[in-house]
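Notes for the structure review
So you can see what is in the structure, the chains are spelled out below.
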Amino acid sequence: MSLNTSLDPAPDSPTAAPAAAETRAPLTPSTLRALVRELAERPDQWIHHVRLSTEERWYRRLVAEDDHEVWLISWLPGQSTGFHDHGGSRGAFTVALGELEELSLGGPDQGLLIRRVPAGTTRAFGPEYVHDVRNTAVGPAVTLHAYSPPLSSMAHYDLRAGGLVRTSEEGPEQW
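**Examining the overall build of the protein**
- Counting its regular elements, the protein contains one helix and 11 strands.
- For the protein, the N- to C-terminal ordering of α and β elements is α-β-β-β-β-β-β-β-β-β-β-β.
- Counting every position in the protein, which comprises 175 residues, the buried fraction comes to 37%.
- Carbon and sulfur atoms provide 50% of the accessible area of the protein, an area that totals close to 10,000 Å².

Shown next as C-alpha cells:
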C-alpha cells in the first residue's frame, strides 16, 4: 500500500551499497479507516471466524503484513479493553455488528468523552491515542481493527482523579 520513494543505485554500480531491508512508512489513520470499513462491507471474508467467549473478548488476527495488521474482535455485554494505548501505532476500528461505547480524555476543558459507536461507525486515531472501548449494549458486538505499524506493545492505564496513570504493559506474547 505504501511506496518506497528512495532511489537505490543500480546493483552493479560502483556506488551501490548492500541491499537493506525495505522500511515502509506507517499507513495513515485515514488509510486504516478505509481498510477496516471496506473489510466490514465484505462479511464473507471474516464472519466465519467469529467466536463468542464469556471469559473475555475474543480476538483473531486476520492480516499480518510488514506495515499493518488487521484484527477481528467479538464482545459480549460487559466486556471492555480498559484504558490502553497502541504502543505508538496508528489505528482504526469499525463496528461491523452491534454497538460499543468509547471513552477517551479530551482537553483540560472537556474531561472524559463518551462516544456511542453503533454498527457502521469507524473511528481512526494517531500514535498517541489512549481510549477504553466497551460493550454496554444488551447484545454482542463484532469489530475490525487495523494498526500500522503492527502492534508491538500496549500500555494499560487506570483513570484517576488526576488523569490516566500507567499500570502495566504487554507485548505480542500475551496476544
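More follows now that the structure is in view.
**Some points on the sheet that holds strand β11 (residues 163–170)**
- Ordered by their spatial adjacency, three strands build an open sheet running β3-β10-β11, and the pairing between neighbours is antiparallel. Every other strand in the sheet has two partners, leaving β3 (83–84) and β11 as the edge strands with one partner each.
- Note that β3 and strand β10 (residues 154–160) share two bridges and pair antiparallel. Paired with Phe83 across the strands is Tyr157, a residue of β10.

**Topic: the sheet that holds strand β2 (residues 69–75)**
- Overall, antiparallel pairing links the five strands, which are arranged β1-β2-β9-β4-β7 in an open sheet. Of all strands in the sheet, those with a lone pairing partner are β1 (58–64) and β7 (122–125), marking the two edges. When the angles between neighbouring strand axes are averaged without regard to direction, this sheet yields 15 degrees.
- The sheet contact formed by β1 and β2 spans six bridges and is antiparallel. The residue bridging Arg60 from the neighbouring strand is Leu72, located in β2.
- Against the sheet, helix α1 (residues 29–40) contacts β1, β2, β4 (90–97), β7 and β9 (141–148), and its axis sits at roughly 20 degrees relative to β4.

**A closer look at the pairing of β10**
- By the bridge criterion, seven bridges tie β10 to β11 in an arrangement that is antiparallel. Paired with Tyr157 across the two strands is Arg166, which belongs to β11.
- The hairpin formed by β10 and β11 contains two residues between the paired strands.

**Quick word on the pattern of salt bridges**
- Across all of its chains, the model carries eight salt bridges by this definition.
- Between Arg24 and Asp67 there is a salt bridge; the shortest N-O distance is 3.6 Å. Here Arg24, found in the segment before α1, pairs with Asp67, found in the loop between β1 and β2; they are 43 residues apart in sequence, far enough to count as distant.
- Through salt bridges with shared partners, one network takes in Glu102, Arg115 and Arg123.

**What about the packing of aromatic side chains?**
- Enumeration over the complete set of coordinates arrives at two aromatic pairs.
- When the ring of Tyr59 is compared with that of Trp71, the centres are 5.8 Å apart and the planes differ by 65 degrees; the resulting orientation is edge-to-face. On the criterion of sequence distance, the pair formed by Tyr59 in strand β1 and Trp71 in strand β2 is long-range, its members being 12 residues apart.
- Look at Trp71 and you get buried, because its relative accessible area is 7%.
- Considering the side-chain rings of Phe125 and Tyr129, the 5.1 Å spacing of their centres and the 20 degrees angle between planes classify their relative orientation as stacked.

**Here we look at the environment of Pro172**
- Its place among the elements puts Pro172 in the segment after β11.
- Looking at Pro172, the relative accessible area reads 43%, which means it is partly exposed.
- C-alpha of Pro172 to C-alpha of Pro150: the two residues are 22 residues apart in sequence and 9.9 Å apart in space.
- Here Pro172 is in contact with Leu151 and Ser152, once residues within four sequence places are set aside.

Reading the values: rules and limits
- Residues numbered from 1 in each chain as written.
- Predicted model: local features only at pLDDT ≥ 70, side-chain atom pairs only at ≥ 80, totals over all residues.
- Heavy atoms only, no water.
- Helix = DSSP H or I, 4+ residues; strand = E, 2+ residues; numbered from the N terminus.
- Buried < 20%, exposed > 50% of the residue type's maximum accessible area, 1.4 Å probe, protein only.
- Areas by Shrake-Rupley, 256 points an atom, 1.4 Å probe, with all protein chains shown as cover.
- Pairing = 2+ DSSP bridges.
- Axes fitted to C-alpha atoms, helices over the stretch in contact; angles between N-to-C directions.
- Contact = heavy atoms within 4.5 Å.
- Salt bridge = Lys/Arg side-chain N within 4 Å of Asp/Glu carboxyl O.
- Phe/Tyr/Trp six-rings, centres within 6.5 Å; stacked < 30°, edge-to-face > 60°.

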